[in-house]
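# Examination of the molecular architecture
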Amino acid sequence: MLFTVVEGDGVGTRLLVLESGETVGDAPAELAAEASEVRRGHRNRMLELQGRKVFAEVYGPPPTLLVYGAVDTAEALCAIARPAGFRTVVGDARAAFLTPERIPSADRLVVGWPEDVLAEVRPDFTTAIVVLTHDDKFDVPLLKAALETEALYVGALGSRRNQARRRERLLEEGVTEEALARIHGPAGLDLGGGTPAETALAIVAEIVAVRAGRSGGSLREARGRIHADTDAAPAPT
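Quick look at the structure, then.

Rules of the game
- Residues numbered from 1 in each chain as written.
- Predicted model: local features only at pLDDT ≥ 70, side-chain atom pairs only at ≥ 80, totals over all residues.
- Heavy atoms only, no water.
- Phe/Tyr/Trp six-rings, centres within 6.5 Å; stacked < 30°, edge-to-face > 60°.
- Helix = DSSP H or I, 4+ residues; strand = E, 2+ residues; numbered from the N terminus.
- Buried < 20%, exposed > 50% of the residue type's maximum accessible area, 1.4 Å probe, protein only.
- Lys NZ or Arg CZ within 6 Å of the ring centre and 35° of its normal.
- Contact = heavy atoms within 4.5 Å.
- Pairing = 2+ DSSP bridges.
- Axes fitted to C-alpha atoms, helices over the stretch in contact; angles between N-to-C directions.
- Expected span 1.5 Å × (residues − 1).
- Arc of directions from axis to C-beta.
- Salt bridge = Lys/Arg side-chain N within 4 Å of Asp/Glu carboxyl O.

## Things to note about the packing of aromatic side chains
Applying the stated criterion to the full structure yields two aromatic pairs. On the numbers, 5.8 Å between centres and 50° between planes, the contact of Tyr68 with Phe138 is tilted. Remark: Phe138 occurs in helix α4 (residues 136–146) and Tyr68 occurs in strand β6 (residues 64–68); sequence separation between them is 70 residues. Like Tyr68, the residue Phe138 is buried in the burial classification. Through pairs of rings, three or more aromatic residues link up here, namely Tyr68, Trp113 and Phe138. The lysine or arginine in question, Arg94, covers the ring of Phe97, its NZ or CZ lying 5.1 Å from the ring centre.

## So, the side chain of Thr199
Within the fold, Thr199 resides in helix α7 (residues 196–212). Setting aside residues no more than four positions away along its own chain, Thr199 makes contact with Thr73, Leu157 and Gly194.

## Looking at the sheet that holds strand β10 (residues 153–156)
Read from one edge of the open sheet, six strands run β8-β7-β6-β9-β10-β11, paired in parallel fashion. Of all the strands in the sheet, just β8 (108–111) and β11 (183–184) have a single pairing partner and so form its edges. Running over the sheet, helix α3 (residues 114–121) touches β6, β7 (87–92), β8 and β9 (127–131) and is turned about 165° from β6.

## Brief notes about the pairing of strand β4 (residues 45–49)
Direction of pairing for β4 relative to strand β5 (residues 52–57): antiparallel, over a ladder of five bridges. Residue pairing in the sheet places Met46 in a bridge with Phe55 of β5. Joining the antiparallel neighbours β4 and β5 is a turn of two residues, in which Gln50 adopts a positive phi near 50°.

## Some remarks on helix α5 (residues 160–172)
In this model α5 runs 19 Å from its N-terminal to its C-terminal C-alpha over 13 residues, within 8% of the 18 Å that 1.5 Å per residue would give. By the burial criterion, the buried members of α5 are Gln163, Arg166 and Leu170. With its buried residues spanning 65° around the axis, α5 presents them on a single face. Of the exposed residues in α5, the ones pointing more than 90 degrees away from its buried face are Arg161 and Glu172. Buried residues in α5 make contact with α4, β10, α6 (177–180) and β11.

## What to know about the pattern of salt bridges
Applying the stated criterion across every chain, the model contains 12 salt bridges. Across the salt bridge formed by Arg102 and Asp72, the nearest N and O atoms sit 3.8 Å from each other. Residue Arg102 is found in the loop between β7 and β8, and its partner Asp72 is found in helix α2 (residues 72–81); the two are separated by 30 residues along the sequence. Given a relative accessible area of 33%, Arg102 falls into the partly exposed group. Note that Glu173 is salt-bridged to Lys144, the shortest N-O span being 3.8 Å.

Structure representation (structure tokens):
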């Protein structure tokens, strides 16, 4: 995270805040207190702080899309998410299905049961998780564990009837109503598509909308700015 004072006292000074909390630079040290909130917003921002204008730039690894279930939609999700800036990971306990030939667009393949895959990937607030398996022995433990992380998005495919059945299973496993409300299921925006590619497009679109704090409705009906609130970088001083 890099803070640059662009107006007010100390204009032109900068403060680099590392993930460890260590700081480097000559801008006011108290700017470091804003780093966590800005990181969680996923986008650069202009801040008004103590009479100063400060431009906050987010640097770090790309967000991760973790897909569980080596089905056709997994490849379609990876193919769409990668050019959108996501690192793509696909997990499945069935090694025979989880191959580079079947899912060439994945950056990484992880063979394992849900708990093992999540332990390997270690989702954080930049991670989107999508469950595709339609099998309770995979879906239930993975969703339960995913809801215990800070993942920015947790989605699951399946009909509304399957979603209701899965919800009951999760309640039986001790998942709270509040946690269940985080699940996007059926996953995706209401685009009306049916093919794996169309389904993947709807899911990635919903992830991008959630990440930007948007509802994902039609822009024609929107009243706010077209783009998310991402400020341009200031001119060099």
